[in-house]
Amino acid sequence: MRIVLLGAPGAGKGTLAKDLIDYFKIPHISTGDMFREAVAAGTELGRKVKNILESGLLVPDDIVIQVVEERLKKGDCQKGFVFDGYPRTVPQAIALDEILSKMSAKLDAVIYLEISEQAVVKRLTSRRVCPRCGRIYNMISMRPKNDEQCDDDGTKLIIRDDDKEEVVRKRYRLYVEMTQPLVNYYQDKNILIRVNSEIDHQDLADRVIQTLEKVRP
Ligand code: AMP
């Protein structure tokens, strides 16, 4: 299965991606995670994107496309993938189609997680992340068992710099301007599946998996 998760920051793409990779046994490709890892490792890529990530702006298309093209060459993508946070602009979507066509492949489905700005702000400002394993929590809807500690490894949870309210609102506006046009792009290709992401997470994951089963190649 070759899947793209589309939706505003905080729509639940990362959490849904975890369900889909477990179910379909395919890799999770999060460009945001790849950039954060590069920043943490202090690589040349990390140095280029550090300030952009902190300010909540978008990394230039040419850099993102190159990172994605390299990632898709790895053997684990043969059976498929779940993209989370990519593509974010129309040129990125066109580039993805071109890369896949060179591999004689195409996308099977684009899951569009719909959510209001108000819900995004509420969710993201209460989001916490484990800096060791990447597990995501929410202090309103998905609390850790022990306050502010990862259930899996006990590490103290953190708030991402770009989850602060003013940065969240900026990221949302950028999403509407740059990423929402992809809804029409994929609708025109007849592969868009709309889901209301403000429902209970387990219901959402079950519905998405049922729908994907119908389009599974
Ligand atoms: P995310 O974890 O998907 O919210 O991504 C975190 C940050 O990484 C974004 O705010 C952007 O600065 C950058 N980023 C991730 N994916 C992309 C992309 N496809 N295009 C441009 N910038 C991206």
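Structure shown above.
Residues numbered from 1 in each chain as written. Predicted model: local features only at pLDDT ≥ 70, side-chain atom pairs only at ≥ 80, totals over all residues. Heavy atoms only, no water.

S.K.: Looking at this model, I keep getting lost on the layout of surface pockets. Mind explaining?
M.R.: Empty space among the atoms can be located by rolling a probe the size of a water molecule over them. As a volume, the second largest pocket reaches approximately 300 Å³. Forming the walls of the second largest pocket are 14 residues, and the residues nearest its centre are T15, K18, R135, I136 and M142. Looking at the lining of the second largest pocket, the elements that each hand over two or more residues are α1 (13-24) and β6 (136-138). The dominant element in the lining of the second largest pocket, judged by the number of residues it contributes, is α1, at four residues. Considering only residue class, the lining of the second largest pocket consists of four nonpolar, three polar and seven charged. (1 Å grid on protein atoms, 1.4 Å probe; cavity = no way out; pocket = protein on both sides within 12 Å on 5 of 7 lines; lining within 4 Å. Points joined across faces, edges and corners; volume = space filled by probe spheres on them. Helix = DSSP H or I, 4+ residues; strand = E, 2+ residues; numbered from the N terminus. Nonpolar A, V, L, I, M, F, W, Y, C, P; charged D, E, K, R; others polar.)

S.K.: When you look at the packing of α1 against helix α9 (residues 201-215) in this model, what are you seeing that I'm missing?
M.R.: Packed helices, taken two at a time, are described by their axes: the angle between them and the distance between them. Between α1 and α9, whose axes approach to 10 Å, the crossing angle comes to 45°. Overall, the two elements α1 and α9 adopt an arrangement that is oblique. By crossing handedness, the relation of α1 to α9 is classed as right-handed. Contacts between α1 and α9 involve T15, L16, D19, L20, Y23 and F24 on the former and, on the latter, H201, L204, A205, V208, I209, L212 and E213. Residue composition of the contact of α1 with α9, by class: nine nonpolar, two polar and two charged. (Axes fitted to C-alpha atoms, helices over the stretch in contact; angles between N-to-C directions. Parallel < 35°, antiparallel > 145°, perpendicular 65-115°, else oblique. Left-handed = near helix turned anticlockwise from the far one by under 90°. Contact = heavy atoms within 4.5 Å.)

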